[in-house]
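# Summary of structural features
For reference, the chains in residue letters:
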Amino acid sequence: MGKFYHPLRKSLQFPEPGLPGSRTMIAARSLSDEAPAKRSPHSIFIKEKERFRKIDFTAILFVEASGSYCHLYLEGGRYLTLSFTLAEITPKLSAVFFQRVHRSYIVNVDRIDAFIGNTLYIGQHRIPVSKRHRPEVMEQFNILGNPR
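The following paragraphs examine the structure supplied in this document.

The rules behind each value
Residues numbered from 1 in each chain as written. Predicted model: local features only at pLDDT ≥ 70, side-chain atom pairs only at ≥ 80, totals over all residues. Heavy atoms only, no water. Phe/Tyr/Trp six-rings, centres within 6.5 Å; stacked < 30°, edge-to-face > 60°. Buried < 20%, exposed > 50% of the residue type's maximum accessible area, 1.4 Å probe, protein only. Helix = DSSP H or I, 4+ residues; strand = E, 2+ residues; numbered from the N terminus. Core = buried A, V, L, I, M, F, W, Y, C linked by side-chain atoms within 4.5 Å. Contact = heavy atoms within 4.5 Å.

### Thoughts on the packing of aromatic side chains
- On inspection of all chains with the given rule, the structure shows 7 aromatic pairs.
- Ring centres of phenylalanine 97 and phenylalanine 98 lie 6.4 Å apart, and the angle between their planes is 50 degrees; on these two criteria the pair is classed as tilted.
- For phenylalanine 97, a relative accessible area of 10% translates into the label buried.
- Exposure remark for phenylalanine 98: the relative accessible area of 7% places this residue in the buried category.
- On the numbers, 5.0 Å between centres and 10 degrees between planes, the contact of phenylalanine 115 with phenylalanine 141 is stacked. Of the two residues, phenylalanine 115 is situated in strand E10 (residues 114–116) and phenylalanine 141 in the segment after helix H3 (134–139); the sequence distance between them amounts to 26 residues.
- Within the aromatic cluster, the residues linked to one another by ring pairs are Phe62, Tyr73, Tyr79 and Tyr105.

### Here's the deal with the nonpolar core
- Residues Ile55, Ile60, Val63 and Leu72 are the most contacted members of the largest nonpolar core, which totals 17 residues.
- Elements that contribute at least two residues to this core include exactly strand E3 (43–48), strand E5 (60–66), strand E6 (69–74), strand E7 (79–82) and helix H2 (86–89).
- At 3 residues, E6 tops the list of elements feeding residues into this core.
- Each residue touching valine 63, except ones within four places of it in the same chain, is listed here: Cys70, His71, Leu72, Leu86, Leu93, Ser104, Tyr105 and Ile106.
- In this structure, Phe62, Ile122, Val129 and Val137 belong to the second largest nonpolar core, which totals 14 residues.

Structure (structure tokens):
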């Protein structure tokens, strides 16, 4: 315990920093005991020249593979070309929002407007659904009627 002297009062006792019972020890203990909470991502940062631009997942319509590049289609008719493969981008996208529907496509499930057979429609875009991914895609929909 350290001592602090005040001319009008008797010397006061307070715990030394870092010792049990001190405020700094309590703060350090509570920070180290709690595991950092991992937030569920709702956006992704994409590098454009020297800065990183934040893009909300809700603004992404779908991602299309094109060789060793990907096109990220956004609302408003815009798209970004990224020098990453679909395999590199997939883990960065939240499974809550996105679903792989084809070897070349990942779609934002909330942005699907319609589907006919093995084709999804997002705005004016037609996106094929592979036979391999069709059962997983159909599970995402709340369907009234027979999807065949």
